[in-house]
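Working through the structure, step by step
This is what each chain is made of:
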Amino acid sequence: MAEVLVLVDHANGEVRKTTAELLTIARRFGEPSAVFIGDGLDAARETLAKYGAEKVYAFSGDDITGHLVAPQAEVLAAIVQQVSPAAVLIPSNAEGKEIAARLAIKTESGVITDAVDVEAGPDGEVVTTQSVFAGSYTVKARVTKGTPIVAVKPNSAAPEEAPGAAADASVEVTISDAAKAAKIVESKEKQASGRPELTEAAIVVSGGRGTGGDFSKVEEFADSLGAAVGASRAAVDAGWYPHSSQVGQTGKQVSPQLYVACGISGAIQHRAGMQTSKTIVAINKDEEAPIFELVDFGVVGDLFAVLPQATEAVKAAKG
């Protein structure tokens, strides 16, 4: 059975949920092999084995981790050239998509980004589902040249356990001088908010112009659900919430299991960033708001009246 490479997304050995999702998807096509770059493998190995990684290719050292994405692409390219995997799966974040693009060039392969589903076609080929043209269409695509390289959005699959060996494997890798041109000279750790990362969260609660700048009720409801907090462009442009939390065509694209839009009208730019969510709920005073055309459930009402009740109901259900 051919290997399927999965680039591990982790923070000092703490494996993120996106990796468990990719390992689950990888089992649809072959034998999952994790590619772990950086420190902390000992802490990560148990999780990688838990979700089916049969092999682990591990790489560390300043030549790789002390520079931007180019060395990581060269690591993956070396593995692809030596083991001929059935596919390479990479998290579809800003860094992952750049790695995918560089890897495609180095291996002369096709690349697909922002996949929201990946499945096996009639002949066992990798077939992806994407939302394109600002979410106006859903398309299926496949790579026709080289090794399929697919950047997959978070929450595209439910992680499923399938114990693997997570045995050490190795290939010969030489990092070129060109790949080491962009050196990291300073790194600042992002201050933890206690909430999940926006693009990886299973639940996202977002606020818009209807908050009037007061996100307190949005945050309280999000915290009751263990959700991430997002914002529309209007809210961000008004200075009510940081740009890093913007959901939309010019912000971050999310695809959670549940998306709750609070006081957001539903302009096409916002919809492009969230309409691949599995379930969408909207709260808005304007019953004619465009967001209601998209939702699974809609509440016509003042978010400042609706959200406190919803928060109390969630807390009561939790006991």
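Values in this document were obtained by computation on a predicted structure and should not be read as measured data.

Reading the values: the criteria
Residues numbered from 1 in each chain as written. Predicted model: local features only at pLDDT ≥ 70, side-chain atom pairs only at ≥ 80, totals over all residues. Heavy atoms only, no water. Domains from an automatic or database assignment. Contact = heavy atoms within 4.5 Å. Buried area = accessible area lost by both parts, 1.4 Å probe. Salt bridge = Lys/Arg side-chain N within 4 Å of Asp/Glu carboxyl O. Pairing = 2+ DSSP bridges. Helix = DSSP H or I, 4+ residues; strand = E, 2+ residues; numbered from the N terminus. Buried < 20%, exposed > 50% of the residue type's maximum accessible area, 1.4 Å probe, protein only. Axes fitted to C-alpha atoms, helices over the stretch in contact; angles between N-to-C directions. Parallel < 35°, antiparallel > 145°, perpendicular 65-115°, else oblique. Left-handed = near helix turned anticlockwise from the far one by under 90°. Nonpolar A, V, L, I, M, F, W, Y, C, P; charged D, E, K, R; others polar. Arc of directions from axis to C-beta.

Describing the domain arrangement of the protein chain
In terms of domains, the protein chain is made up of domain 1 (3–180) and domain 2 (203–318). Centre-to-centre, using C-alpha coordinates, domain 1 lies 31 Å away from domain 2. Contacts between the two partners involve nine residues from domain 1 and, on the opposite side, ten residues from domain 2. Carbon and sulfur atoms make up 45% of the area that domain 1 and domain 2 hide from each other, which totals about 710 Å². Here domain 1 and domain 2 share zero salt bridges between them.

Digging into the pairing of strand β7 (residues 111–120)
Within a regular strand, the side chains alternate between the two sheet faces. Of the strand pairs in this sheet, β7 and strand β10 (residues 149–152) are connected by three bridges, and their pairing is parallel. If you follow Ile112 over to β10, its bridge partner there is Val150. With five bridges joining them, β7 and strand β8 (residues 126–132) adopt antiparallel strand pairing. Paired with Asp117 across the two strands is Thr129, which belongs to β8.

Notes on the pattern of salt bridges
Once the charged atoms of two side chains with opposite charge are near each other, the side chains can pair. The final tally for this structure, using the stated rule, is 19 salt bridges. A salt bridge links Asp237 to Arg233; the shortest N-O distance between them is 3.2 Å. Of this pair, Asp237 and Arg233 both sit in helix α7 (residues 233–237), four residues apart, which is roughly one turn of that helix. Given the relative accessible area of 54%, Asp237 is considered exposed. In this structure Arg233 comes out as partly exposed when scored by relative accessible area, which is 46%. The network of salt bridges with shared partners includes Asp9, Arg16 and Glu200.

So, the packing of helix α6 (residues 216–225) against helix α9 (residues 303–318)
Packed helices, taken two at a time, are described by the angle between their axes plus the distance between the axes. Packing of α6 against α9 leaves a shortest axis separation of 9 Å and a crossing angle of 20°. In this view, α6 runs roughly parallel relative to α9, as classed from their interaxial angle. Crossing of α6 over α9 shows left-handed handedness. The residues of α9 that touch α6, namely those facing Lys217, Val218, Glu220, Phe221, Ser224 and Leu225, are Phe304, Leu307, Pro308, Ala310, Thr311, Val314, Lys315 and Lys318. The class makeup of the residues in the contact of α6 with α9 is eight nonpolar, two polar and four charged.

Overview of the pairing of β8
Counting buried positions along β8 gives five out of seven residues, so the element sits mostly inside the fold. A loop of five residues connects β7 with β8, the two strands running antiparallel in sequence, and Gly124 in this loop sits at a positive phi of about 85°. Sheet topology note: the β8/strand β9 (residues 137–141) ladder contains five bridges and is antiparallel. Across the sheet, the residue bridging to Thr129 is Lys140, located in β9.

Regarding helix α2 (residues 41–50)
Looking at α2, one finds that the buried residues are Leu41, Ala44, Leu48 and Ala49. All buried residues of α2 lie within an arc of 135° about the axis, which places them on one face of the element. For α2, exposure combined with an orientation more than 90 degrees from the buried face picks out Ala43 and Glu46. Among the structural elements, β3 (14–15), α1 (17–26), β4 (31–37), β5 (55–59) and β11 (167–169) are those in contact with the buried residues of α2.

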